[in-house]
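# Inside the fold
Below, each chain spelled out in residue letters.
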Amino acid sequence: MDRRNFLQLAGLAALHHLTTTVAFAAADPGNPRLLVLIELKGGNDGLNTVVPYADATYYNLRPKIAIARDQVLQLDERSGLNPAMQVLMPLWQSRRLAIVQGVGYPKPNLSHFRSIEIWDTASNSDTVLQTGWLSRQFAAKPLPAGFVTDGIAVGSQDLGPLDGGVRALILQNQDAFVRQAKLAGDKSAGVQNAALTHLLKVEEDIRIAARGLAGSASLNTVFPDHGFGRTVKTAMEALAANRNIGVFRLTLGSFDTHVNQRNQQDRLLGELAEGLIALQAALTELGRWNDTLAMS
C-alpha cells in the first residue's frame, strides 16, 4: 500500500518510524508533506473499536458491552469496526485506510496520565522527558524557512508532541488568532534582558504566523456540525490559508467512558469517522491528500 495514500487508525502507531522521518516536509519545499495526528483523549476502548468478533473470549468477558457479531463491520474473518464507523468502510475497501494492532512498548504504564506523557514525548516507560517528540525533531531538523509554523494544535489547550517547541501554535479560531496577534507591536529595539528578548522573539513568531494565516480561502467541503467536525474545519481552513504547515494535532474527547460506555463511545467514534471523511475530502480538495499521513 502506498504510504502517502492511507489513513492509519490505530493507537500508538509507528512512533519510532515517524521520529526518523518527520523531516519529510523538507523533502520538497514546493510540495510539502503533512502529518495529521489525531488524539483520542482519554482511554478509548480498543476492543470495542476494532472488534475481535471471532473470539469467544471477547463475548465471555464482556457480557454487557460487547458488540454483537451481526453488528460488526467485518474487515476480515476475525476483526471488524465498531458499527458507528460505517462511513469509513469505503476508505477501507479502496485501500486508503490501514489498521495496525498490537503496537505498544515494553513494561506498559497503566496510568492514563503517564501513558499520555509517553505518547507525547516518545520516552521509555521508565524515563520522563520534558519536551514533545515532534518539538525535539523539529529542533534537530528545522523545517524550511518558508514554513509559517512547525505545528498547530486544534481542539485542546495542550500541544502534546509539539510541547516545548518554539514554533507551535494552539488555534481555536483562525480569524480571532489573527486579530489578537495584531495587538502586539514590535518592542524589541534596545532590549538587553535575555528573558524579555526571548518573550519578544516568541511574540514576533506569533505575529509572523498570524500574517501567514491571514486571508480567507473558501472550501467546498461540508464539515460535520459537531465538536470534532469543527476542529477539522479549523485545521483545514488554516491549511487553505497557508500550505506551509508541518503538523496538525487534532483532539477528540473524552473517551473516559466509565459509565454508559456504549452510547458515549459510539457517539465519539461516529464523530471521529465523520471527521476523518471530511478531513479526507478537504485534503483532496486542497490537493494535499496524496502528501498527507493522518494517524491516531
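Throughout this description, residue numbers start from 1 for each chain and increase along the sequence as written. Only residues with pLDDT of at least 70 are given local features in this predicted model, and only at 80 or more are side-chain atom pairs given and counted; all residues enter the totals for whole chains, interfaces and linings. The basis for every side-chain value is the complete set of non-hydrogen atoms in the structure, without hydrogens or water.

## Looking at the pairing of strand β10 (residues 292–295)
Side-chain positions along a regular strand alternate between the two faces of the sheet. Put simply, the rule reads: Each residue is assigned to one of three classes by its accessible area relative to the maximum for its type, calculated with a 1.4 Å probe on protein chains only: buried under 20%, partly exposed between the two thresholds, exposed over 50%. Strands here mean DSSP runs of E at least two residues long; helices mean DSSP runs of H or I at least four residues long; both are numbered from the N terminus. Here a strand pair is declared whenever DSSP counts at least two bridges between the two strands.
A two-sided burial pattern is seen for β10, the buried positions comprising Thr-292 and Ala-294 on one face and Leu-293 and Met-295 on the other. Across four bridges, the pairing between strand β2 (residues 34–40) and β10 is parallel. If you follow Leu-35 over to β10, its bridge partner there is Leu-293.

## A look at the sheet that holds strand β5 (residues 80–81)
The strand order β3-β5-β4 describes an open sheet built from three strands, whose pairing is antiparallel. Each edge of the sheet is formed by a strand with only one pairing partner; in this case those strands are β3 (50–51) and β4 (73–74). When β4 meets β5, the two strands line up antiparallel, connected through two bridges. Its bridge partner being in β5, Gln-74 is matched across the sheet by Gly-80.

## Side note on the side chain of Thr-257
What counts here: Throughout, a contact is declared for two residues whenever any of their heavy atoms are within 4.5 Å.
Along the chain, Thr-257 turns up in the loop between β9 (245–252) and α9 (261–285). Take Thr-257: its relative accessible area is 8%, and that puts it in the buried class. Leave out the neighbours within four places in its chain, and Thr-257 touches Gln-264 and Gln-265.

## Looking at the pairing of β9
With eight of its eight residues buried, β9 lies for the most part within the structure. Across six bridges, the pairing between β2 and β9 is parallel. In the sheet register, Glu-39 faces β9, and the bridge partner there is Thr-251. Bridge count between strand β7 (residues 149–154) and β9: five bridges; the pairing is parallel. Bridge assignment links Gly-151 to a residue of β9, and that residue is Val-247.

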